[in-house]
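What follows is the residue order along each chain.
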Amino acid sequence: MKKKKIDIGILIRLLICFAIPTIVLFLPIDLIPIDDLTVVQHRLLAIFLLAALLWVLEPVPVFATSILIISLELIMISNKGLHLFRSPPEGHDFGEMMNYTDIFSAFSSPIIILFMGGFALAIAASKYELDNNLARVLLKPFGTKPKFIMLGLMLITAVFSMFMSNTATTVMMLALLGPIVASAPKGDLGIKALVLCIPIAANTGGIATPIGTPPNAIALQYLTGENSIDFLTWMMMGLPFVIVQLTIAWFLLQKLFPSAQESMVLKLDGKFKKSWRAIVVYITFAATILLWMTTKVHGMNTYVVSIIPLAVFTLTGIMGKDELKLINWDVLWLVAGGIAIGIGLDKTGLASALAHAIDYESLSPVAVVITMSLVCWVMANFMSNTATANLLMPIAAAIGASMQSLSAIGGLQGLMVVVAFSASLGMILPVSTPPNSLAYSTGLIESKDMAKTGIIIGVIGLLIVYAAALIIT
């Protein structure tokens, strides 16, 4: 048997990933520039840094990182963890240990059910060639050149995500990729561009409308009275930004991941199947999307709707044991790890401590807006953008209401809109947003591909937002 050689690059990355959090863990709390940091928060900060480094550098599979993070939270900061970690050291506020059931709840999060429903739709669509036929109908007007196929995918995704869940949109659009990938030669970089364009368009498209993404709706809760913004006014701000951002992303993806083909001959000549099970798949697929788009009419939210296709497909035999095995369980572990980090940041108060670590009153109006925006963007890359918005919007609203000098750059309105846009631009990791996780689940891209494009697009987006805020005011 041949012995496997140790990859020095992976070993170095692994050492870096564990060395930095270990130094932070053993660093005296007084030396960390965050006021009133508790022992529990200190430990979570080290776990958070470990997660960030492992997810970015990827010396181990990303789902393995998630399992490690959940394990460390349970052992080091939960009320049923190791006795050694439950003994309060002298001299510092220990803080409150997390309830272990809160950490385990990451596995039963509604987001997990949303993913399972999405996987069920994708598996059933592939089995009965619905993905092939939808691709034929929707992408035919965009021709055969890879860059125009990508443009078609981005436009369709962005428009849908303006009015329905960006996760649900991503599920639907990724279903179209199967036949496209089958038409491409192995190793073609252009396939990475086609996969990445969907989460980028889904994350960005929702910015255009108040209902497109939760951070927008959360921002509007604080914009009342003379500061209120109606649907059309928001679209007048959001839609031009989305168009510019998607145009830049389209050109960027072509440069980073050029296609080896001048044209793609898509094998999309099939016909819609007419068996009773195929008809059930068509009806369920259409009904699920319709229900996702009309949550306010029927009262069921996106997560409740997501379990319907699972129930229908398993009951009718469309999905049996073999099909259930096709669900990307590694992605569900990955998402659970991201949720566990978010729960930890929230429950221990570390997220709030990090957000308040900056003395906003000592900053100029422009610096306040940029600082709040950057804090929001960084946090949204590592936890749910909705959770980030819930945490930072009250702080932004309080600052906006109290700082009269902010009127020079749009006042409360300007600050809240910039922070809301920034939350949706956090997309550098597979765990950053559900669309990112879904795209990663295809196995056609690596986390470093996502990090590279996410950082560039995020920074460009932030600069566009700042420039627009200064020009408009």
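What follows deals with the pattern of salt bridges. The final tally for this structure, using the stated rule, is four salt bridges. A salt bridge links K127 to E323; its shortest N-O distance comes to 3.1 Å. With K127 in helix α6 (residues 110-127) and E323 in helix α17 (residues 321-324), the pair connects residues that are 196 residues apart, well separated along the chain. According to the relative accessible area criterion, K127 is partly exposed, its value standing at 34%. Residue E446 pairs with K192 through a salt bridge whose shortest N-O separation is 3.7 Å. Pair noted here: E446 is in the loop between α23 (434-440) and α24 (447-472) and K192 is in helix α11 (residues 190-205), with a separation of 254 residues, a long-range link. One network of salt bridges, with partners in common, ties together K192, E446, K448 and D449.

Moving on, we get to the side chain of K192. The class of K192 is buried, set by a relative accessible area of 17%. Once you skip the residues sitting within four places of it in the chain, K192 turns out to touch F257, L444, I445, E446 and D449.

What follows is about helix α12 (residues 214-221). Of the residues making up α12, those classed as buried are P215, N216, I218 and A219. The arc that holds the buried residues of α12, viewed along the axis, is 165°, so those residues lie on one side. Summarising the contacts, the buried residues of α12 are in contact with α13 (231-256), α21 (385-402) and α22 (411-424).

Within the structure shown, the criterion is met by eight aromatic pairs. Between W250 and F251, the ring centres sit 5.1 Å apart and the planes meet at 55°, which makes this aromatic pair tilted. Taken together through their ring pairs, the aromatic side chains of Y100, F104, F107 and W333 make up a single cluster.

Moving on, we come to the environment of V375. With respect to the element layout, V375 can be found in helix α20 (residues 365-380). Among residues more than four places away in sequence, those in contact with V375 are I358, Y360 and L392.

Next up on the list: a nonpolar patch on the surface. A cluster of nonpolar side chains, namely F63, I67, Y100, F104, F107, W329 and W333, defines an oily patch on the protein surface of about 610 Å² accessible area. Here F104 falls in the partly exposed class, since its relative accessible area comes to 37%.

Attention shifts here to α13. With 26 residues, α13 extends 36 Å from end C-alpha to end C-alpha; this agrees with the ideal 38 Å at 1.5 Å per step. Of all the bends in α13, the greatest, near 25°, is centred on M237, and the proline P240 appears no more than four residues after it. Looking at α13, one finds that the buried residues are W234, M235, G238, F241, V242, Q245, L246, A249, W250, L252 and L253.

Take the packing of helix α9 (residues 166-174) against α11 next. Contact geometry of α9 with α11 gives a least axis separation of 9 Å together with a crossing angle of 155°. The orientation of α9 with respect to α11, classified from their angle, is roughly antiparallel. For the element pair α9 and α11, the recorded crossing hand is right-handed. For the pair formed by α9 and α11, the contact residues are N166, T170, M173 and L174 on the first element and I198, A202 and N203 on the second. Residue classes in the contact of α9 with α11 are distributed as four nonpolar, three polar and no charged.

Thresholds, definitions, all that
- Residues numbered from 1 in each chain as written.
- Predicted model: local features only at pLDDT ≥ 70, side-chain atom pairs only at ≥ 80, totals over all residues.
- Heavy atoms only, no water.
- Salt bridge = Lys/Arg side-chain N within 4 Å of Asp/Glu carboxyl O.
- Helix = DSSP H or I, 4+ residues; strand = E, 2+ residues; numbered from the N terminus.
- Buried < 20%, exposed > 50% of the residue type's maximum accessible area, 1.4 Å probe, protein only.
- Contact = heavy atoms within 4.5 Å.
- Arc of directions from axis to C-beta.
- Phe/Tyr/Trp six-rings, centres within 6.5 Å; stacked < 30°, edge-to-face > 60°.
- Patch = residues over 30% accessible without salt bridge, like charges linked within 9 Å, V, L, I, M, F, W, Y side chains within 5 Å.
- Areas by Shrake-Rupley, 256 points an atom, 1.4 Å probe, with all protein chains shown as cover.
- Expected span 1.5 Å × (residues − 1).
- Bend = angle between axes of the 7 residues up to and from the residue.
- Axes fitted to C-alpha atoms, helices over the stretch in contact; angles between N-to-C directions.
- Parallel < 35°, antiparallel > 145°, perpendicular 65-115°, else oblique.
- Left-handed = near helix turned anticlockwise from the far one by under 90°.
- Nonpolar A, V, L, I, M, F, W, Y, C, P; charged D, E, K, R; others polar.

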